[in-house]
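Secondary and tertiary structure notes
Spelled out from the first residue to the last, the chains are:
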Amino acid sequence: QNPDITITNNVLYFKAQGHGAKGDNIYEFQIDFLEPVEPKPLYKVTQRQLNITVQKKESSWWEWLTKQEKLCPDFDRWLDESDAELELREKEEEKINKMKIESRVPKDPFKHLKKGYLVIYNLVQFLGYSWIFVNMTVRLFILGKDSFYDTFHTIADMMFFCQTLALMEILNSLIGLVRSPIIPAVIQAFGRTFILFVVLGSLEEMQSKAVVFFIFYFWSIIELFRYPFYMLSCIGIEWKPLTWLRYSSWIPLYPLGSLAEAVAVVQSIPIFSETGKFSLALPNPLNVTIQFSFLLQVYLIALFLGLFINFRHLYKQRRKHLGPKKRKMK
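Residues numbered from 1 in each chain as written. Predicted model: local features only at pLDDT ≥ 70, side-chain atom pairs only at ≥ 80, totals over all residues. Heavy atoms only, no water.

A look at the nonpolar core
How we decide: To define a nonpolar core, start from buried Ala, Val, Leu, Ile, Met, Phe, Trp, Tyr and Cys residues and group those joined through side-chain atoms within 4.5 Å. Accessible area is worked out with a 1.4 Å probe on protein chains only. A residue is then buried under 20% of its type maximum, exposed over 50%, and partly exposed in between. Strands are runs of DSSP state E lasting at least two residues, helices are runs of H or I lasting at least four, and both sets are numbered from the N terminus onward. Any two residues having at least one pair of non-hydrogen atoms within 4.5 Å are treated as being in contact.
Counting 48 residues, the largest nonpolar core has I195, L200, I215, F216 and V265 as the members making the most contacts within it. Residue assignment for this core shows that the elements contributing at least two residues are helix 2 (111-143), helix 3 (151-166), helix 5 (182-200), helix 6 (211-234), helix 8 (250-275) and helix 9 (292-322). Of the residues forming this core, the biggest block, twelve residues, is contributed by helix 6. Excluding its chain neighbours within four sequence positions, the residues that come into contact with F216 are M136, T151, F152, I155, A156, M159, L196 and L200. Core analysis: the second largest hydrophobic core is formed by nine residues, I7, I31, F33 and V37 among them.

Some details on the pattern of salt bridges
In plain terms, the rule: For salt bridges, the criterion is a side-chain nitrogen of Lys or Arg within 4 Å of an Asp or Glu carboxyl oxygen.
Taken as a whole and assessed by the stated rule, the structure comprises four salt bridges. Of the charged contacts, one joins E223 and R192 as a salt bridge, the two residues approaching to 2.6 Å between their closest N and O atoms. Here R192 lies in helix 5 and E223 lies in helix 6, a separation of 31 residues in the sequence. In this structure, E223 and R192 share a single accessibility class: buried. Shared partners join several salt bridges into a network, and the residues in it are E169, R192, E223 and R226.

Quick look at the layout of surface pockets
Inclusion rule: Using a 1 Å grid laid over the protein atoms alone, points where a 1.4 Å probe fits but cannot get out form a cavity; open sets with protein on both sides within 12 Å along at least 5 of 7 lines form a pocket; any residue with an atom within 4 Å of a point counts as lining. Grid points are joined across faces, edges and corners, and a volume is the space filled by probe spheres set on the points. Residue classes follow a fixed rule: Ala, Val, Leu, Ile, Met, Phe, Trp, Tyr, Cys and Pro count as nonpolar, while Asp, Glu, Lys and Arg count as charged, and any other residue, Gly among them, counts as polar.
Approximately 1200 Å³ is the volume attributed to the second largest pocket. If you trace the second largest pocket, you find 39 residues lining it, with L177, V178, R179, S180 and Y230 closest to the centre. Partitioned by chemical class, the residues of the lining of the second largest pocket number 17 nonpolar, twelve polar and ten charged.

A word on the pairing of strand 3 (residues 23-32)
The criterion, for reference: When DSSP finds at least two bridges between two strands, those strands are taken to pair.
Strand direction decides the pairing type here: strand 2 (residues 11-20) and strand 3, joined by ten bridges, are antiparallel. Note that in strand 3 the partner of V11 across the bridge is D32. Counted between consecutive antiparallel strands, the loop separating strand 2 from strand 3 contains two residues.

Focus: the UniProt feature "transmembrane region" (unreviewed entry) in the protein chain
Note the threshold: UniProt positions are given in the numbering used here, feature names are shortened, and annotations may be inferred rather than shown by experiment.
Here, the residues flagged by UniProt with the feature "transmembrane region" (unreviewed entry) are residues 117-138, 185-203, 209-229 and 292-311. Taken end to end, residues 117-138 is 100% helix and 0% strand, and its first and last C-alpha atoms sit 32 Å apart. A helix fraction of 90% and a strand fraction of 0% characterise residues 209-229, whose end C-alpha atoms lie 32 Å from each other.

Right, dumping it as structure tokens:
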């Protein structure tokens, strides 16, 4: 408690109150350094010990630390001249190698332009899906279940815009603007585009069904965490609660969203079969027609296969960002 530490004429004087084996006592000592030192020491008090840092006036090797001979050094932290030279050499080599690597990497003159584009893209998508989520939530509280049946006519225009813009994520991955693998981006973008434009957008009978509400709602909640996370990452900011939500919310939301999509596909199969819409009649003696409803059944299998691929990708990303940090061994 209350350490009094001073250096006068290269002698360190220490005095403090402490609690030891014999109770509270005043502890004091002095150290007479071998060579000149700076008169202002630094110290830090912890629960178990007190660390004092004394700086030499000149950077040189001493034959011994103090004029007293009975002083035991901490050999875990001890460096002799050869050890220090080796450590300094290793640091210099590491610095040189780093400079060589950096010199080999060509500087990108469009780096700031690309970063600005990604920030604006993620911001626009975040605002779009925020509008969808807030609008649907308010309508749900005001109208209750009645809001389920006119969700498409109220929200579809904004969802069309956001989903069309989301196709840019495939291009961003292809040209290297982002590090995301191309396959998960293609699966999500084309899967949602197919559901929105083909299954829901082309059939008026599907647009008044309650399943539309759940598809749009799950999609919007997922993007409320994903796009702001990417936007902040572009400018080097990490907010831990948002990181946790980004890599945890998909665990319940992706299966629920895929289940809602599957329900919509199943509900649309009889309608496509009855109307023959998008079915392909081939000119041949057998008069074979490829029913679009059959392709929808195949799509159901592909839907859950794509869910598995995205799940595996997101699980690896979750372990990378939220898993236990590996400690470096010295």
